[in-house]
Amino acid sequence: MNTLPHNRAGLGIAFITAGICAISINDMLIKQLSGGYPLHEIVFLRSSIGLMFSLGLLHMEGGWRILKTKTPGLHLIRGLLIVIANMSYFVALAAIPLADATALFFAAPLFITVLSIPILGEKVGAMRLSAVVVGFAGVVVMQRPWAASDTLDVSRLVLLLPVLGALAYALNQLMTRKLGVDSKASALAIYIQASFIAVSVGFYIVAGDGRFATENATAPVQFLLRAWVWPTPADWWVMIGMGVNAGIIGYCLSQAYRMADAATIAPFEYIGLPLAVFWGWLVFSDLPTWEVWAGIALILGAGLFVFLRERRKARIVARTTVMRR
């Protein structure tokens with residue numbers, strides 16, 4: 001009978017940190033390109049290049065044979081979940097500042113902590129659950145429920161898209177933890193890249209000529225449905241960089257959630273919050289509003305509390321184990 005991979009928290013934390021840094025760069029580049037290219041074209045090019053990178057890692061971890069799986073249906077669901085997560089987030093990214101979208105997406109670690117209880121059977125105490133509630137309060141603050149809809153820069157639906165993406169991402173990562181019992185990180189990354197390619201080709205077949213992107217459409221709709229265009233020489237280098245980056249992201253995230261408990265790894269994803277603020281300020285001259293700052297503070301505070309609580313729990317378990325010997 002298979003069991004979850006041995007819990008190697010240190011390596012898991014290192015992989016999640018590298019993956020989140022790569023994600024922050026990816027998000028910044030996609031926002032830069034969102035005014036001139038359709039999302040499905042960017043995803044296709046990025047994932048095609050990322051797939052080649054992942055195939056190299058596959059060769060290092062055992063070759064083609066490790067792509068064989070006994071659970072193709074679960075891998076298909078996992079791939080669709082990450083596609084939903086990314087598409088929801090990136091569509092919102094075309095209309096709202098990078099820090100705002102990232103902060104809302106950071107409901108994902110909160111979802112992971114809560115959902116790890118029924119899905120993975122992990123134990124999460126009352127104190128950590130209370131911290132999760134505080135984090136979700138931060139998400140609510142960023143939604144500005146007290147504001148009239150006509151005073152918001154974007155529709156409430158657009159503000160909810162990163163939260164939808166966060167839920168899909170959380171479910172994806174919890175499935176990674178389960179599927180990591182029998183699958184290597186490079187194989188998991190290849191399944192993800194293949195899912196992105198398949199969905200983006202489907203978008204091209206249906207909407208690649210731009211027939212649904214009317215002139216009066218909002219920025220998110222334009223980003224999702226505009227016609228494919230041939231990239232400029234300068235943008236080709238950006239696309240190639242994004243492809244390599246995508247391979248790094250897929251491998252690092254898959255490896256992180258294979259190696260350590262989801263509730264332990266999740267808080268380290270908060271590194272993406274200050275990185276998003278930094279890129280938003282440096283590249284787009286955007287700084288968060290007070291609501292976003294307040295939401296970031298609540299989410300970051302909740303995440304740090306969960307992390308410190310986990311460390312304290314680990315020390316107690318370690319001392320108890322030594323005494324029992």
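Asker: How would you sum up helix 5 (residues 108-120)? Please name residues and give values.
Answerer: Along its length, helix 5 reaches its greatest deviation from straightness, about 35°, at Val 114, and the proline Pro 118 lies no more than four positions downstream. Those residues of helix 5 that sit buried are Ala 108, Pro 109, Leu 110, Phe 111, Ile 112, Thr 113, Ser 116 and Leu 120. The first or second residue beyond helix 5 is Gly 121, which carries a positive phi of 75°.

Asker: Before we move on, can you summarise helix 2 (residues 39-61) with the specific residues and values?
Answerer: Between its first and last C-alpha, helix 2 extends 31 Å over 23 residues, near the 33 Å set by a 1.5 Å rise per residue. Just downstream of helix 2 lies Gly 62, where phi reads positive at about 145°.

Asker: Pulling in residues and values, what's your account of the packing of aromatic side chains?
Answerer: Throughout the structure, instances matching the rule amount to 11 aromatic pairs. Plain terms: the ring middles of Trp 146 and Trp 290 are 6.0 Å apart, the flat faces sit at 15° to each other, and that makes the pair stacked. Linking Trp 146 in the loop between helix 6 (126-143) and helix 7 (156-179) with Trp 290 in helix 13 (residues 290-324), this pair joins segments that are 144 residues apart in sequence. Each residue in the set Tyr 89, Phe 90, Phe 105 and Tyr 169 is aromatic and connected to the rest through ring pairs, giving one cluster. Above the ring of Phe 196, the side-chain terminus of Arg 46 is found at 5.3 Å from the ring centroid.

Asker: Please provide a residue-by-residue account of the nonpolar core, values included.
Answerer: Formed by 79 residues in total, the largest nonpolar core has its most connected members in Ile 16, Ile 42 and Tyr 169. The contact partners of Ile 16, leaving out residues within four places of it in the chain, are Leu 253, Ala 256, Tyr 257, Ile 265, Phe 268 and Glu 269.

Asker: Give me the state of the cysteines: which residues, what numbers.
Answerer: Scanning the entire structure with this criterion turns up 0 disulfides. Free cysteine: Cys 21, not disulfide-bonded; nearest cysteine sulfur from Cys 252 at 9.6 Å.

Asker: Account for the packing of helix 1 (residues 9-33) against helix 3 (residues 72-93), with residues named and values stated.
Answerer: Relative orientation of the contacting elements helix 1 and helix 3 amounts to 55°, with a least axis distance of 9 Å. One element, helix 1, and the other, helix 3, form an angle in the oblique class. Between helix 1 and helix 3 lies a crossing of right-handed hand. Contacts between helix 1 and helix 3 involve Asn 26, Asp 27, Ile 30 and Lys 31 on the former and, on the latter, Tyr 89, Phe 90 and Leu 93. Its residues assigned to classes, the contact of helix 1 with helix 3 shows 4 nonpolar, 1 polar and 2 charged.

Procedures and definitions
- Position numbers for residues start from 1 in each chain and track the written sequence from start to end.
- Local features in a predicted model are, by the rule used here, given only for residues with pLDDT of at least 70; side-chain atom pairs are given and counted only at 80 or more, and totals for whole chains, interfaces and linings are based on all residues.
- Note that water and hydrogens are dropped before the side-chain values are worked out from all heavy atoms of the structure.
- Working definition for bend: take the seven residues up to and ending at a residue and the seven starting at it, fit an axis to each, and measure the angle between the axes.
- Only runs of H or I of at least four residues qualify as helices and only runs of E of at least two qualify as strands under DSSP, and these elements are numbered from the N terminus.
- Using a 1.4 Å probe on the protein chains alone, a residue whose accessible area is under 20% of its type maximum counts as buried, one over 50% counts as exposed, and one in between counts as partly exposed.
- Multiplying 1.5 Å by the helix residue count minus one yields the expected span of that helix.
- Working definition: rings of Phe, Tyr and Trp (its six-membered ring) pair if their centres are within 6.5 Å, and the pair is stacked with planes under 30 degrees apart, edge-to-face with planes over 60 apart, and tilted otherwise.
- Definition used: whenever NZ (Lys) or CZ (Arg) falls within 6 Å of the ring centre and also within 35 degrees of the ring normal, the charge is taken to sit over that ring.
- Buried Ala, Val, Leu, Ile, Met, Phe, Trp, Tyr and Cys residues that are joined via side-chain atoms within 4.5 Å together make up what is termed a nonpolar core.
- Pairs of residues are marked as contacts when any of their non-hydrogen atoms sit within 4.5 Å.
- Two cysteine sulfur atoms make up a disulfide if the distance between them is within 2.5 Å.
- Each axis is a line fitted through C-alpha atoms, and for a helix only the stretch in contact is used; angles between axes span 0 to 180 degrees, taken between their N-to-C directions.
- For classification purposes, an angle smaller than 35 degrees is called roughly parallel, one larger than 145 roughly antiparallel, one from 65 to 115 roughly perpendicular, and anything else oblique.
- Note on convention: near helix rotated counterclockwise from far helix by under a right angle means a left-handed crossing. Clockwise means right-handed.
- Note on residue categories: nonpolar means Ala, Val, Leu, Ile, Met, Phe, Trp, Tyr, Cys or Pro, charged means Asp, Glu, Lys or Arg, and polar means any other residue, Gly included.

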